[in-house]
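The chain contents come next:
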Amino acid sequence: MYDKLNSMQREAVFCTEGPLLILAGAGSGKTRVLTHRAVYLIEEKGVNPYNIMAITFTNKAAGEMRERIDRLVGYGSKDIWVSTFHSTCVRILRRYIERLDYDNNFTIYDADDQKTVMKEVCKRLQIDTKLYKEKSFLGVISSAKDELISPEEFTRQAAGDFAKERQAAVYREYQAALRKNNALDFDDLIVKTVELFQNDAQVLDSYQERFRYIMVDEYQDTNTAQFQLIKLLAGKYQNLCVVGDDDQSIYKFRGANIKNILNFEEVYPDARVIKLEQNYRSTKNILNAANMVIANNVGRKSKELWTDNDEGDKIDFQQFDSGSEEAVFIVKDIRNKVREGTCQYGDCAILYRTNAQSRLFEERFVVSGIPYRIVGGVNFYARKEIKDLLAYLKTIDNGRDDLAVRRIINVPKRGIGATTLGRVQEYASEMDMSFYNALKMAEDIPTIKKAGVKIKPFVNFIQTMRSKVEFLSVSQILQEVIEQTGYVAELEAEDTEESRARIENIDELISKAAAYDESNEMPTLSGFLEEVALVADIDNLQEGSDYVVLMTLHSAKGLEFPNVYLAGMEDGMFPSYMTIMSDDPMDIEEERRLCYVGITRAMKNLTITCARQRMVRGETQYNKVSRFVKEIPGNLLGGAVRQQKQEEAGSDEPKKPFRLAGSKVNPIFNTRNVYQNKPYQNTSFASSSTSRISLEYTKGDRVKHNKFGEGTVTQIVEGGRDYEVTVEFDRVGTKKMFASFAKLKKV
DNA sequence: GTTAGAAACAATCCT
DNA sequence: TGTTTCTAAC
């Protein structure tokens with residue numbers, strides 16, 4: 001079995017004791033190494049499968065790994081703990097979180113729930129959410145949690161800084177609200193587990209004993225909390241094998257700390273390092289292109305991927321006039337390839353930077369009747385009808401989750417409105433009880449008169465359901481809820497396209513519940529809710545089905561396709577504005593790594609496309625070819641460059657309302673153009689609706705910003721196409737901004 | 001208390 | 001452009 005591995009892979013498999021870092025380039029067979037390693041541990045080293053743990057980031061990756069181990073090993077593989085970070089933590093917390101003063105049947109809040117909680121928190125603290133967005137507080141809190149900074153610690157660090165002190169207050173209040181609802185958010189799952197391990201030596205020891213051999217996939221994506229978690233678990237036996245690729249680190253925004261992989265050898269001085277540099281996935285052309293792009297990054301671990309595969313076709317590069325032409329081309333191209341018999345729909349993937357780009361493709365696929373599937377966007381479990389029904393299940397399962405109760409108290413309409421709810425809430429807070437318990441006593445609440453009559457049937461219903469939980473399966477409970485509330489009946493009466501789609505979703509939820517009942521030995525409501533809370537869209541991607549998949553570059557990590565389309569390769573789209581504008585040069589590097597990830601998804605054919613003109617949020621943008629495309633040497637690119645067409649378009653295009661400031665070309669955009677003999681002229685990427693940039697204010701003037709209020713201009717720097725204005729605001733301090741975005745008014 | 005239509009607003013990527 | 005929030009009228 002091990003003969004099929006190359007020497008480096010074999011070395012990694014055989015190195016079982018002590019810390020090991022495997023630097024595995026894209027397509028170098030790292031899952032193969034991990035699975036073989038598990039098998040080797042069991043069969044050759046006599047390790048009990050029960051003592052092995054493999055951790056991944058998505059359920060899909062976990063499922064794949066489990067499947068592959070199953071295939072390799074005769075028996076016992078079931079006992080290996082193969083799971084995601086988040087499910088692992090939930091499993092541990094379900095058992096022990098009461099030691100941190102939570103109920104073991106806690107609920108897990110998604111982004112929507114978090115926002116609802118945050119809204120209330122802001123209201124309570126009298127924070128104007130026009131000035132300070134809920135989302136920004138949630139972002140601050142999430143980053144703090146990623147770094148294992150507690151509300152108390154945050155408060156300490158905030159001392160003296162007014163804005164930070166406010167964030168600290170919000171953080172404290174938010175955390176208190178979660179605890180009161182017996183709920184954890186996604187970040188808490190990790191944080192609380194670390195907390196548990198740090199506070200309870202006994203629990204930690206029992207897991208250290210259990211997980212004597214630990215393997216972590218995609219290690220470059222771990223954040224500080226996850227790093228700490230692993231460090232604690234591996235603390236006793238130190239048999240820790242991490243696999244990752246610093247060139248594929250693309251999750252800084254959710255706290256991933258690239259230092260975890262770069263400094264692995266410092267944290268674990270005895271660590272062995274093995275590099276896997278042979279790529280088995282892509283053609284030479286594709287791999288070379290990827291290498292050339294990523295070579296522009298500094299500060300990476302040195303490694304060069306190579307392959308024995310054929311040279312393959314050139315990379316097809318096409319530029320179009322608009323986003324819709326781009327979509328037409330790609331869909332046609334797929335159809336042609338399938339007709340020719342070169343590939344199947346299931347071999348094709350369209351990758352883009354933002355979810356919004358999927359719409360144009362979807363339109364074309366619908367028209368052409370080609371089967372497709374979009375990964376991402378609105379999560380199935382985030383849809384209104386699904387969340388409503390799940391809120392019923394949550395209420396039945398855990399009466400302490402105020403959010404769930406409030407969501408459904410008036411769904412379907414029971415004639416219970418904001419006023420009544422406010423009064424119930426008031427009473428609940430006064431008596432320090434949960435919202436649901438206050439509802440139970442509605443008739444005794446003095447401020448509530450007639451409304452009590454409307455509340456009673458709801459409470460009765462929930463109580464009845466609770467008494468039935470023991471002898472009904474999850475799907476039966478769900479169906480009874482649907483029946484009794486008349487939820488589907490109402491939708492049927494509506495009889496619109498939308499309502500029919502909702503019913504379809506509900507049917508799917510029922511079958512998911514039924515599937516859960518069947519696949520579990522001890523199905524419980526909490527168990528189902530937990531499973532549901534942790535699925536990502538990508539987890540549902542079925543291998544072997546014949547449809548084109550559309551997804552973001554982020555979702556595509558870890559996947560491979562014979563035929564890949566990288567769409568929307570334009571400066572401003574990819575790399576995104578945010579990173580182009582950022583003053584941190586590392587941001588563009590992360591974007592470049594994302595491009596590297598995209599290119600290396602392709603096995604045989606890679607097509608790169610872009611559009612000159614694109615509608616973004618109702619405004620037309622004029623974008624240039626992505627700088628990343630220009631980093632690919634011309635000899636690797638093929639395809640009609642459509643030079644003539646571009647020139648025609650140049651004269652057809654309406655004159656841009658403004659020209660580059662001082663006719664200077666921004667050095668960023670003056671990259672050498674490798675595949676064209678003529679540089680772009682006259683293109684700018686700001687929207688056409690912005691009129692020629694001339695500022696109505698100068699240094700020293702008083703200006704007004706519609707969010708930050710009034711301030712004084714302290715500096716104006718001329719950029720290529722815009723002005724970077726520095727303003728000292730009276731209320732929020734000094735900010736740097738681009739004039740065309742800031743919309744500053746002189747006062 | 002409910003609803004429809006208007007206005008405001010949004011600025012990536014995700015477990 | 002698409003979605004969420006606000007407002008006014010029923």
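Residues numbered from 1 in each chain as written. Chains lettered and ligands numbered in written order. Predicted model: local features only at pLDDT ≥ 70, side-chain atom pairs only at ≥ 80, totals over all residues. Heavy atoms only, no water.

K.L.:
Got a minute to help me understand the overall build of chain A in this structure?
P.N.:
When its secondary structure is counted, chain A shows 31 helices and 23 strands. For chain A, buried positions account for 53% of its 747 residues. (Helix = DSSP H or I, 4+ residues; strand = E, 2+ residues; numbered from the N terminus. Buried < 20%, exposed > 50% of the residue type's maximum accessible area, 1.4 Å probe, protein only.)

K.L.:
Help me understand the pairing of strand S7 (residues 240–244) in this model?
P.N.:
Sheet faces and side chains relate simply in a regular strand, where the side chains alternate between the two faces. With respect to burial, S7 is a largely interior element, five of its five residues being buried. The alternating pattern of S7 places Leu240, Val242 and Gly244 on one face and Cys241 and Val243 on the opposite face, and all of these are buried. Relative to S7, strand S6 (residues 213–216) runs parallel, the two sharing three bridges. Bridge pairing in S7 places Met215 opposite Cys241. Between the parallel pair S6 and S7, the chain is carried across by helix H11 (residues 224–233), and the sense of this crossover is right-handed. (Pairing = 2+ DSSP bridges. Right-handed = clockwise from strand over helix to strand, strands pointing away.)

K.L.:
Teacher, can you tell me more about the sheet that holds strand S8 (residues 272–276) here?
P.N.:
Two pairing modes exist for strands in a sheet, parallel and antiparallel, and in both the strands are linked by backbone hydrogen bonds. As summarised here, the arrangement of the six strands in space is S3-S2-S6-S7-S1-S8, forming an open sheet in which the pairing is parallel. Edge positions in the sheet fall to strand S3 (81–84) and S8, since each of these pairs with one other strand and no more. Here the average twist between neighbouring strands, direction ignored, is 15°. Alignment of strand S2 (residues 52–56) against S3, held across four bridges, turns out to be parallel. Across the sheet, the residue bridging to Ile55 is Ser83, located in S3. In this fold helix H4 (residues 85–96) packs onto S2, S3 and S6, with an angle of close to 110° to the strand it touches most, S3. (Axes fitted to C-alpha atoms, helices over the stretch in contact; angles between N-to-C directions. Contact = heavy atoms within 4.5 Å.)

K.L.:
I tried to follow the protein's contact with DNA strand C on my own but got confused; where do I start?
P.N.:
Around DNA strand C sit Lys115, Lys119, Arg359, Arg617 and Gly618, and that is every residue in its neighbourhood. Restricting attention to atoms of DNA strand C within 4 Å of the protein, one finds that 56% of them are sugar or phosphate atoms. The contact in question runs from a phosphate oxygen of DNA strand C to an N or O atom on the side chain of Lys115, over 3.5 Å. In the environment of DNA strand C, a phosphate oxygen lies 3.5 Å from a nitrogen or oxygen atom belonging to the side chain of Lys119. (Near = heavy atom within 4 Å. Polar contact = N/O pair within 3.5 Å; in protein donor to acceptor, adjacent residues only side chain to side chain.)

K.L.:
When you look at helix H16 (residues 358–368) in this model, what are you seeing that I'm missing?
P.N.:
What sets the pattern is the α-helix's 3.6 residues per turn: residues three or four places apart point alike. When we look at burial in H16, the residues that qualify are Ser358, Phe361 and Phe365. One side of H16 holds all its buried residues, which, seen down the axis, span an arc of 65°. Seen from the open side of H16, the exposed residues pointing more than 90 degrees away from its buried face are Arg359, Val366 and Val367. Turning to H16, the residues buried within the fold contact helix H15 (323–340), strand S12 (348–352), strand S13 (372–374) and strand S14 (548–552). At the exit of H16 stands Gly369, carrying a positive phi of roughly 75°. (Arc of directions from axis to C-beta.)

K.L.:
Sorry if this is basic, but what is going on with the pattern of salt bridges here?
P.N.:
Any two side chains of opposite charge can pair, on the condition that their charged atoms come close. Inspection of every chain in the model, using the stated rule, returns 45 salt bridges. For Asp402, the salt bridge goes to Lys180, with nearest N and O atoms at 2.9 Å. Of this pair, Asp402 sits in helix H18 (residues 402–408) while Lys180 is found in helix H8 (residues 162–180), placing the two residues 222 residues apart along the sequence. We classify Lys180 as partly exposed; its relative accessible area is 39%. Taken together, the salt bridges that share partners define one network made up of Lys30, Asp217, Glu218, Asp221 and Lys557. (Salt bridge = Lys/Arg side-chain N within 4 Å of Asp/Glu carboxyl O.)

K.L.:
What's the story with a positive patch on the surface in this structure? I'm lost.
P.N.:
Side chains of Lys115, Lys119, Lys123 and Lys135 sit close together on the surface and give a patch of like positive charge. Per-element accounting of the positive patch gives the leading share, three residues, to helix H5 (residues 111–124). Here Lys115 is to be found in helix H5. (Patch = residues over 30% accessible without salt bridge, like charges linked within 9 Å, V, L, I, M, F, W, Y side chains within 5 Å. Areas by Shrake-Rupley, 256 points an atom, 1.4 Å probe, with all protein chains shown as cover. Lys, Arg positive; Asp, Glu negative; His and termini not counted. Charge placed at Lys NZ, Arg CZ, Asp CG, Glu CD.)

K.L.:
Would you mind showing me how to read the packing of helix H14 (residues 284–294) against helix H28 (residues 585–599) here?
P.N.:
The relative placement of two packed helices comes down to the angle between their axes together with the axis-to-axis distance. For the pair H14 and H28, interaxial distance at closest approach is 9 Å and the crossing angle is 175°. When the axes of H14 and H28 are compared, the pair comes out roughly antiparallel. Counted together, Ile286, Ala289, Ala290, Val293 and Ile294 of H14 and Arg592, Arg593, Cys595, Tyr596 and Ile599 of H28 form the full contact between these two elements. Of the residues belonging to the contact of H14 with H28, the class tally is eight nonpolar, no polar and two charged. (Parallel < 35°, antiparallel > 145°, perpendicular 65-115°, else oblique. Nonpolar A, V, L, I, M, F, W, Y, C, P; charged D, E, K, R; others polar.)

K.L.:
What exactly am I supposed to notice about the state of the cysteines here?
P.N.:
Following the criterion strictly, the structure yields zero disulfides and no others. Cysteine Cys343 is unpaired, with the sulfur of Cys348 as its nearest cysteine sulfur at 3.7 Å. Judged by its relative accessible area of 11%, Cys343 falls in the buried class. (Disulfide = S-S within 2.5 Å.)

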